[in-house]
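The residues making up each chain are set out below.
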Amino acid sequence: MAQADDEVAFQEDDHKGAYIFTAPGAEDDEVPAAPSSSRPAKRRRVSSAAGTTASPSKRQREQLQKKKGNVASNSAAQNGTTIVEENDNATGSFVPLFNGAESKEAVQLRKDTFEAAWDGCLDERIQRVLREANQNTLDEVGSFIERAGELENSSMGGRRKIPAAFIITGPNIASQDLLFEQLAESLSETARARVVRLRAAGAPNLKAALKKIIRDAAAGGVKQEEETEGDGAEVSVGEDGRKYLDYDLEGLHAFLKTKDSRRVIVAFEDSEAFDNGLLTDLIALFHSWQNRIHFSLLFGIATSVELFQARLLKATAQQLYGAQFDVVQADSVLESVFKSAVAGAQATVRLGPSLLRSLLERQRDQVAGIHVFISSLKYAYMCHFYANPISICLAENKEKYIVEKNILQPQHLQALRTLSSFRSHVEISVEEGRQFAHAQLLIQEDSYLRKTTYSQRKERRRYVLKLLRCLHLLTSSGLLKGSFPDIYVNALENGIALSNNHYFSQVIDTIKRLSAEKVLSLARSLTRAIKTGSAELDLPSWESQDEGLLSQFTYTIEQVSTLLSQAAKSGKPLKSKYTAQSKVLRTTVVAQKVQLSRDSATLTEQDMKFTTVVDSLIDTLGAFVWLQPIKDIFLNEVWVYNSRKPYREVFIPRPGMVIDRALGRPHDYLGCECCAPTTRAHQKTGDSSEVMGSMPATAILYHLYMEAGSLVNVADLWAAYFALVGDEEGEGEGMDERTALVHFYRGLAELKVLGFVKGSKKKADHVAKLKWI
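Residues numbered from 1 in each chain as written. Predicted model: local features only at pLDDT ≥ 70, side-chain atom pairs only at ≥ 80, totals over all residues. Heavy atoms only, no water.

### Some words on the packing of helix H30 (residues 714-725) against helix H31 (residues 737-754)
For clarity, the threshold we go by: Note on definitions: angles span 0 to 180 degrees between N-to-C directions of axes, and those axes are lines fitted to C-alpha atoms, for helices only across the stretch in contact. By the criteria applied, helices consist of DSSP H or I runs no shorter than four residues and strands consist of E runs no shorter than two, each listed in order from the N terminus. Reported orientations rely on four angle classes, namely roughly parallel under 35 degrees, roughly antiparallel over 145, roughly perpendicular from 65 to 115, and oblique for the rest. Helix crossings fall into two classes, left-handed where the near helix is turned counterclockwise from the far one by less than a right angle and right-handed where it is turned clockwise. Contact definition: two residues touch when any of their heavy atoms are within 4.5 Å. Each residue gets one of three labels, nonpolar for Ala, Val, Leu, Ile, Met, Phe, Trp, Tyr, Cys and Pro, charged for Asp, Glu, Lys and Arg, and polar for the others, Gly among them.
Packing of H30 against H31 brings their axes to within 10 Å, and their N-to-C directions diverge by 125°. As judged from the angle between their axes, H30 and H31 are oblique. At the point where H30 passes H31, the crossing takes the right-handed sense. From H30, Val714, Leu717, Trp718, Tyr721, Phe722 and Val725 reach across to H31, where they touch Glu737, Ala740, Leu741, His743, Phe744 and Leu748. Of the residues that constitute the contact of H30 with H31, the class distribution is 10 nonpolar, one polar and one charged.

This is the structure we're talking about:
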């Protein structure tokens, strides 16, 4: 009888950690209910015959993976129709534009052009630049570790010291991830070692640090998810049958005895963030195991080796011997990636000056890593090809295909006619009067617009080539000071002109102040720049295309060399009328008064000739180095992306403002009629002060929360909430009390998760109002 009473007293929900409320009238598909006869399966602890938990063997892991593969294949067989349908959708996430009127061929061409522009070109170039950026540091550290391996059998000071490489990374912590990732890959191959990367956040104490070192070393140095919570020790079984704790180096030693190499390299990426006691204990422990496990250490240092050494005990520092290595700073890596991926001739899309300035400012102000810049660059490419239908005009060697398939639809031509550059071009053509027929044909004839659009590809290549040649001449010769990204952005925004442009006018002043020897060096640098080009910018030599420019620079070299030799024979320095030494101060006494006047010094014949050569060089360089702003190019919107809004929303989010708007005006996001403002005043001003019972529970509580003080009585909050959503009169328009209470608890819990409220210690039935950050 007692047994029967116990069975009756058991309820199905007794085993659940939380009560799940099912609203009346809810569909079974939305909230599936478990059958009443089913009981939860008991979770039993599985142990080995010896009574200890052992890690699965290799055969057990293979059998488990095989079972998972069978389950996955069965699932794929059951959902075969869906898989086929997904594979048939060749365009992927690219959707037809023009409200669905864009043809499938155009969508596929946009997708193919994006993949060719990024995956087929820029991505490989960026990865090559990143590999070459720290190549010197990688080679030096690798040579140091190899020399340390040769000295492993020798005794230093009676005991073996631990090789340690002190890598000065600088204050940019975001750039350390790339460096240590490359070090791990390089040392794993060259030194045949197992590399373990440690960060202070993943190793708060000695036990957690040893766990990660042993786990990653046994896994071959693969970076795994950090697990620092809990101090429970796990037991692993070695190949000899012995059991080891997961923080015991004896287990790592037993594992490495069966391998070819017993060398382990531990990299402390942010070594200055580690606790001094933890570093001391780890180094002492590694030193005691050095004759069995060959440890080598890498320390990433942001300040200096002297300051880092001052943190360690003298006895600990004596257990290390190492060398200091300086790495390439993040600004240099950013400039190399910028030249190759943004400004290079192989870049299909040109980022506009406004977007580029935002990218560069974010890299400098927020000290972001180079991977953030690369992600921003790829996102800009995706936005341009995903949302710009006229980007199909960037497809290389597809003109015949576009004409045969008639991919340029009337919608594309209409989109071209709505561009601001098209409108400006037509207005200029009409104002000049000579190209009136050209402007008329662009507006009325579709075939003429198609032909003009195809011809603009050559204009784009010509503009990019002229831009890179001008910048290469100015930067390689040292006439412009500053970073290349800033010079490039200014050239795109304001154009290049040595006389009218304030930014580039400094070039003329710089040339005038040069001495004869520096003018000769400048002419040789300009000649060398034309003959060699630039590998970083993918700029080939244009020696055969600008013979007049090259001959003028050669003439300057010959003339200045001749004048310098003549001046050396005469013993007088060679100068021009622009140099400061050409101005002299004259003193004249008139009526017992002294008058000072500045006059030009007397110039020799060689000085006059040198002045003529300098003027000729300025005129030649000014005539070649000229470029209009990129916004003035006809149909530049086809190949220039300059929108900052998508970039800011993704990479510079404003979660506070977004959440405030979502909770204050949920209609802006939901678009439903039940949450829309009812009065015209609220509709015009967008005021979010109106509260309606049809709003989501969290939005209603947020409105009530904004009206409350620093402490909110939960009972009063519930009363105000139920007055808005409840059905007190029983007319069926609102919620019953139980349903409203469930929504109230859920909304209050969401406000707590968002950081708006927390429990109050002063009053148990109150919640404290917080300032959300």
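We are not done yet, so read on.
### Notes on the side chain of glutamine 456
Within the fold, glutamine 456 resides in helix H19 (residues 446-476). Glutamine 456 has contacts with Phe634 and Leu635, leaving out every residue within four places of it along the chain.

### Topic: empty space enclosed by the protein
Let me state the cut-off plainly: The distinction between a cavity and a pocket rests on a 1 Å grid over the protein atoms alone: a 1.4 Å probe fits inside a cavity but cannot get out, while a pocket stays open yet meets protein on both sides within 12 Å along at least five of seven lines, and a residue with an atom within 4 Å of a point counts as lining. Grid points are joined across faces, edges and corners, and a volume is the space filled by probe spheres set on the points.
Tallying each qualifying case throughout the model produces three cavities of 30 Å³ or more. The space that makes up the largest cavity amounts to roughly 110 Å³. In terms of lining residues, the largest cavity is bounded by Cys393, Leu394, Thr453, Gln456, Arg457, Glu459, Arg460, Ile633, Phe634, Leu635, Val638 and Trp639. Looking at the lining of the largest cavity residue by residue, the classes come out as seven nonpolar, two polar and three charged.

### Section: the sheet that holds strand S6 (residues 294-301)
By definition, the strands of a sheet pair up through backbone hydrogen bonds, in either a parallel or an antiparallel sense. We count it as follows: Here, a strand pair is defined by DSSP locating no fewer than two bridges between the strands.
Taken in spatial order, the five strands line up as S2-S5-S6-S1-S7 in an open sheet, and their pairing is parallel. The open sheet has two edge strands, strand S2 (194-198) and strand S7 (320-326), and neither has a second partner. Each adjacent strand pair in this sheet contributes to an overall mean axis angle of 20°, direction not counted. For S2 and strand S5 (residues 263-268), the ladder comprises five bridges, and the chain directions are parallel. From the neighbouring strand, arginine 197 faces S5, where its bridge partner is alanine 267. Relative to the sheet, helix H7 (residues 206-218) contacts S2 and S5, its axis offset from that of S2 by approximately 145°.

### A closer look at helix H6 (residues 176-190)
Put simply, the rule reads: Given the number of residues in a helix, its expected span is that number minus one, multiplied by 1.5 Å.
Between its first and last C-alpha, H6 extends 21 Å over 15 residues, near the 21 Å set by a 1.5 Å rise per residue. Looking one or two residues past H6, arginine 192 carries a phi angle of roughly 50°, positive in sign.

### Considerations on the nonpolar core
Within soluble globular proteins, side chains that are nonpolar tend to cluster in buried spots. For clarity, the cut-off: Buried Ala, Val, Leu, Ile, Met, Phe, Trp, Tyr and Cys residues form a nonpolar core when they are joined through side-chain atoms within 4.5 Å. Accessible area is worked out with a 1.4 Å probe on protein chains only. A residue is then buried under 20% of its type maximum, exposed over 50%, and partly exposed in between.
Counting 116 residues, the largest nonpolar core has Tyr381 and Tyr488 as its most contacted members. Each residue touching tyrosine 381, except ones within four places of it in the same chain, is listed here: Phe114, Ala117, Trp118, Leu122, Ala341, Ala347, Thr348 and Val349. Grouped together as the second largest cluster of nonpolar side chains are 35 residues, Val196, Leu198, Ala217 and Leu282 included.

### Focus on the sheet that holds strand S15 (residues 757-759)
Spatially, the three strands line up as an open sheet ordered S14-S16-S15, and their pairing is antiparallel. Of all strands in the sheet, those with a lone pairing partner are strand S14 (711-713) and S15, marking the two edges. The sheet shows a mean angle of 40° between the axes of neighbouring strands, direction not considered. Both S14 and strand S16 (residues 766-769) contribute to a ladder of three bridges, which runs antiparallel. Looking across to S16, one finds that leucine 711 is bridged to alanine 768. Sheet contacts for H30: S14 and S16; angle to S14, the most-contacted strand, approximately 60°.

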